[in-house]
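Breakdown of the fold
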Amino acid sequence: MNGALAAGFWGLVGGSALLLGAAIPFVAHLPQRLIAGVMAIGSGVLISAVAFDLMDEAYRQGGFDSTALGFLGGAVAYTAATVALSRAGARHRKRSGSNPDERQPDAGDDSGVAIAVGALLDGIPESVVIGVSLLGGGGVNLVTVAAVFLSNVPEALSSAAGMRKAGRSPRYIFGVWGGIALASGLAAMLGNLFLAGASPDLIAGTTAVAAGAILAMLVDTMIPEATEATHEYSGLIAVAGFLLAFVLTKLGG
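Here's what I pulled together on the structure shown here. (Residues numbered from 1 in each chain as written. Predicted model: local features only at pLDDT ≥ 70, side-chain atom pairs only at ≥ 80, totals over all residues. Heavy atoms only, no water.)

Digging into the overall build of the protein
The condition is simple: The helix count covers DSSP runs of H or I at least four residues long, the strand count covers runs of E at least two residues long, and both are numbered beginning at the N terminus. Categorising residues by exposure relies on relative accessible area from a 1.4 Å probe, with only protein chains included: less than 20% of the type maximum marks a residue as buried, more than 50% marks it as exposed, and the intermediate range marks it as partly exposed. Whether two residues touch is decided by their heavy atoms; if any such pair falls within 4.5 Å, the residues are in contact. Residue burial considers only the protein chains on display, and all accessible areas are found by Shrake-Rupley using a 1.4 Å probe.
Secondary structure summary: the protein contains seven helices and zero strands in total. The 253 residues of the protein split such that 48% are buried. For the protein, contacts bridging at least 24 residues in sequence account for 85% of all contacts bridging at least 6. Total accessible area on the protein is roughly 11,100 Å²; 69% of this is exposed by carbon and sulfur atoms.

Thoughts on the side chain of S184
Structurally, S184 is set in helix α5 (residues 170-195). Dropping the residues within four chain positions of it, S184 is found in contact with G11, G15 and S127.

A word on the pattern of salt bridges
To keep it simple, the criterion reads: Salt bridge, as applied in this entry: a Lys or Arg side-chain nitrogen positioned within 4 Å of an Asp or Glu carboxyl oxygen.
Inspection of every chain in the model, using the stated rule, returns one salt bridge. A salt bridge links E57 to R60, with the shortest nitrogen-to-oxygen separation between them at 2.6 Å. Pair noted here: E57 and R60 are both in helix α2 (residues 32-87), with a separation of three residues, about one helical turn.

Brief notes about a nonpolar patch on the surface
We apply this condition: Residues form patches when they are more than 30% accessible in relative terms and have no salt bridge. Like charges link within 9 Å. Nonpolar side chains (Val, Leu, Ile, Met, Phe, Trp, Tyr) link within 5 Å.
A cluster of nonpolar side chains, namely L186, L190, L193 and F194, defines an oily patch on the protein surface of about 390 Å² accessible area. Inspection of the secondary structure assignment puts F194 in helix α5. Owing to a relative accessible area of 65%, F194 belongs among the exposed residues under this scheme.

Here you go:
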């Protein structure tokens, strides 16, 4: 049980970045290009985490079959859920609103629940990976926690900025992100509990599912937000984020 509690703690640490990111638009007016730049950094960090932490670990645990099936399955599941949420009004839940056609719905719109569910969908795979990284009695993978934390800040920052422009109240915004931060800790704890003693193939498949879902989320939400305002600089900024996470991975190894 101690491992599960530790997993919950580290999942909450990663999720707490959502509250930090959500608070930024209330204390400072950030230019759209800066928000997009931070989003690009987060994209690079997560791409590195998917490549060097999640997929490598999944392959080490279960080989090609479990890894490939899980990776594709995670992407398919995320895409299917996103299509459903898009029809409910949460397509641009992470967009900060610089494009009038991609702003979040008005505060009175019934899509508020869909936005919350969509944000939860984005965060759960990352948190489960944190819980899985504690299996076997080892310490937490701090690179994974750092990657989740660094990516959560721009995600929440961009979405909260869009929510403010849509007229949503601070109570609503912090309620959404605070609830998701708590759910992140719970997901990490449950991932650790339910997968303790599981077969290497199952652990590999679960890790790969999370990797596939995260990569699909990046292309669907974070990268478009990053490239919208930073344009020709977004690739360079993402490379810097990738390099940062790569260095952390190698130092942590």
